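Spelled out from the first residue to the last, the chains are:
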Amino acid sequence: MNQMDQTKFCCSVCLDLLKDPVTIPCGHSYCMNCIKSFWDEEEKKKIYSCPQCRQTFTPRPVLEKNTMLADLVEELKKTGLQAAPADHCYAGPEDVACDVCTGRKMKAFKSCLVCLASYCEKHIQPHYDSPTFKKHKLVEPSKKLQENICSRHDEVMKMFCCTDQQNICYLCSVDEHKGHDTVSAAAERTERQRELEVSRQNIQQRIQDREKDVKLLQQEVEAINQSADQTVGHSEKIFTELIHLIQKRSSDVKQQIRSQQETEVSRVTELEEKLEQEITELKRKDAELKQLSHTEDHIQFLHNYPSLSALSESTDSSSINIRPLSYFEDVTAAVSEVRDKLQDILREERTNISLTVTEVDVLLSDPPAEPKTRAGFLKYSREITLDPNTTYTQLLLSEGNRKVTAMENQQSYSDHPDRFTDWWQVLCKGSLTGRCYWEVEWRGIQVYVAVAYKNISRKGRVNECLFGHNDKAWALNCNNNSYTFWYNNIQTPVSGPRSSRVGVYLDHRAGILSFYSVSETMTLLHRVQTTFTQPLYAGVTLFCAGDTAEDLTQI
């Protein structure tokens with residue numbers, strides 16, 4: 001007789017061959033002792049049910065041995081029929097056991113959050129077959145179902161008290177939590193799920209940012225090595241022309257460059273390793289939150305959420321401020337000058353060469369002093385030419401593309417992927433690196449004076465495209481009543497004298513961006529100290545027809 005036939009003669013409670021079989025009114029058969037024990041547990045409710053189909057009976061049915069079925073089971077035993085499941089189906093110390101099984105319990109297949117019980121594959125079947133259980137919530141087997149029960153009222157905690165930040169039952173909400181802000185556990189789960197997704201997005205963004213930082217550092221290591229190698233080669237060639245005395249100095253300079261190279265590469269590599277570690281930790285944290293987000297049990301989700309949602313402190317990468325392009329090239333120039341001035345000049349310039357090498361500092365520490373006067377700023381003046389390929393179609397460029405005016409009608413611009421499609425914005429042509437200064441004369445209701453990375457989004461009327469409302473641009477909002485600084489969609493009120501002319505000072509290498517009110521005197525409005533990871537471009541945002549902005553630095 002096959003295994004399918006054998007199961008017909010097994011008790012669905014103990015999962016063993018029927019012993020003293022009885023058949024209850026619904027037609028299902030059980031061991032006499034198994035069904036008695038099951039109904040004894042239901043004695044308080046005075047309602048007795050079938051463990052399989054859950055049909056209820058009142059009063060308690062009288063049990064009579066099914067002699068025909070008993071004889072059949074005895075006959076089958078003689079043929080060697082065994083019904084004991086394999087050992088791996090039984091619940092061990094670490095497993096969730098079926099709450100219906102008597103004797104040696106089977107492993108639970110599912111837990112029910114309504115019944116607050118766990119069932120093996122056999123005993124869970126009524127939840128699938130009977131309409132009575134269709135609204136029950138089945139989850140993976142859990143040993144913590146009792147944590148869903150209110151210890152005070154012995155009721156399922158289906159509500160959440162926002163005031164006390166704890167799970168409660170309905171009776172709690174009208175008792176000790178009366179008057180508190182309460183919601184359903186499902187509603188609170190939905191809200192916390194949204195917070196979890198935001199946390200994951202933040203983590204993923206941090207991972208992306210750190211990966212970009214690591215890539216940048218890797219590029220800098222390559223550039224430092226390449227620059228150092230080139231400089232060593234140039235230095236050796238020059239010094240070989242200056243006979244034995246210069247050859248000795250050549251060896252000194254080579255050693256100094258290599259030492260500085262090693263120092264700089266070591267600093268960059270150390271920070272790179274820290275960022276890699278943070279990326280690994282963030283990915284692990286993201287995996288934990290992802291697993292938590294898939295938790296079906298609201299109570300367990302809320303129980304575990306506080307301990308998993310907190311994020312560790314981010315590695316401070318504010319010191320990453322990469323010098324542009326050249327690193328040791330100045331050493332080559334200094335050595336060339338020494339070659340031209342021969343031995344006496346070599347002695348005089350020895351200190352100069354040494355200082356030039358040590359000034360190579362990829363991760364800039366102390367920024368150079370900012371100018372104090374307008375004349376000092378004008379030494380770094382940069383003419384700003386606006387790029388027609390980025391210009392919004394209702395902006396008119398004039399004065400050699402140094403003035404922009406907001407128009408009522410569309411202008412004739414050809415399609416270009418760099419063009420802003422919805423915001424009235426424009427960027428300048430050339431990138432801004434090193435130390436730069438320019439002034440913007442503005443007129444109208446409201447104007448943004450900004451700097452931005454080239455990879456700022458261009459398509460759509462979304463924050464990702466608007467200067468200052470994302471992490472790709474910094475903007476000073478100028479209007480007739482006040483100033484406001486915007487970055488990453490965070491608004492900072494700015495006080496200062498009203499002026500139609502705004503001065504912008506940028507030290508890209510030092511990570512300094514300053515805005516000044518320019519009149520007879522210069523007044524600092526707002527200063528940013530950060531790390532610029534890409535070249536910057538000057539930009540302007542207009543909002544109403546008739547608004548204008550013009551670069552007057554060179555006029």
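Definitions and cut-offs
- Residues numbered from 1 in each chain as written.
- Predicted model: local features only at pLDDT ≥ 70, side-chain atom pairs only at ≥ 80, totals over all residues.
- Heavy atoms only, no water.
- UniProt positions renumbered as here; feature names shortened; annotations may be inferred.
- Helix = DSSP H or I, 4+ residues; strand = E, 2+ residues; numbered from the N terminus.
- Pairing = 2+ DSSP bridges.
- 1 Å grid on protein atoms, 1.4 Å probe; cavity = no way out; pocket = protein on both sides within 12 Å on 5 of 7 lines; lining within 4 Å.
- Points joined across faces, edges and corners; volume = space filled by probe spheres on them.
- Nonpolar A, V, L, I, M, F, W, Y, C, P; charged D, E, K, R; others polar.
- Core = buried A, V, L, I, M, F, W, Y, C linked by side-chain atoms within 4.5 Å.
- Buried < 20%, exposed > 50% of the residue type's maximum accessible area, 1.4 Å probe, protein only.
- Polar contact = N/O pair within 3.5 Å; in protein donor to acceptor, adjacent residues only side chain to side chain.
- Axes fitted to C-alpha atoms, helices over the stretch in contact; angles between N-to-C directions.
- Parallel < 35°, antiparallel > 145°, perpendicular 65-115°, else oblique.
- Left-handed = near helix turned anticlockwise from the far one by under 90°.
- Contact = heavy atoms within 4.5 Å.
- Salt bridge = Lys/Arg side-chain N within 4 Å of Asp/Glu carboxyl O.

What follows concerns the UniProt feature "coiled-coil region" (unreviewed entry) in the chain. Here, UniProt's "coiled-coil region" (unreviewed entry) annotation points to residues 200-227 and 258-295. Secondary structure over residues 200-227 splits into 100% helix and 0% strand, and the C-alpha atoms at its two ends are 40 Å apart. What you have in residues 258-295 is 95% helix and 0% strand, and the ends, taken at the C-alpha atoms, are 55 Å apart.

The strand order across the open sheet formed by 3 strands is S6-S5-S7, and the pairing between neighbours is antiparallel. Of all strands in the sheet, those with a lone pairing partner are strand S6 (117-119) and strand S7 (138-139), marking the two edges.

In this structure, the second largest pocket occupies an estimated 540 Å³ of space. As for the second largest pocket, its lining consists of 15 residues, and the residues nearest its centre are Phe38, Glu42, Lys45, Ser49 and Arg54. Elements represented by at least two residues in the lining of the second largest pocket include exactly helix H2 (32-41) and S6. Among the residues forming the lining of the second largest pocket, the class breakdown is 7 nonpolar, 2 polar and 6 charged.

This part takes up the nonpolar core. Residues Val404, Trp438, Phe467, Trp474 and Leu513 are the most contacted members of the largest nonpolar core, which totals 52 residues. The element best represented in this core is strand S15 (residues 446-453), accounting for 7 residues. Grouped together as the second largest cluster of nonpolar side chains are 35 residues, Tyr30, Tyr48, Tyr90 and Cys112 included.

The subject of this paragraph is the side chain of serine 49. Within the secondary structure, serine 49 is located in strand S3 (residues 48-49). For serine 49, a relative accessible area of 6% puts it in the buried group. Here the side chain of serine 49 touches glutamate 42 through a polar contact of 2.7 Å, side chain to side chain.

Once that is clear, we can look at the packing of helix H6 (residues 185-239) against helix H8 (residues 298-309). Contact pair H6 / H8: the axes reach a minimum separation of 10 Å and the direction vectors enclose 45°. Classed by the angle they form, the pair H6 and H8 counts as oblique. Helix-helix and strand crossings are classified by hand; for H6 and H8 the assignment is left-handed. Taking contact as the criterion, the partners of Ala185, Ala186, Glu188, Arg189, Arg192, Gln193, Glu195, Leu196 and Ser199 in H6 are, on H8, His298, Ile299, Phe301, Leu302 and Tyr305. Residue classes in the contact of H6 with H8 are distributed as 7 nonpolar, 3 polar and 4 charged.

Now for the pattern of salt bridges. One pass over the structure, following the stated rule, counts 28 salt bridges. Put simply, arginine 152 and aspartate 175 hold a salt bridge, and the shortest N to O gap is 3.5 Å. Placement of the pair is arginine 152 in the loop between S7 and strand S8 (159-161) and aspartate 175 in the loop between helix H5 (170-173) and strand S10 (182-184), with a sequence separation of 23 residues. Under the relative-accessibility criterion, arginine 152 is labelled exposed at 56%. Each of Arg374, Glu439, Glu441, Arg443 and Arg501 takes part in a single network of salt bridges with overlapping partners.

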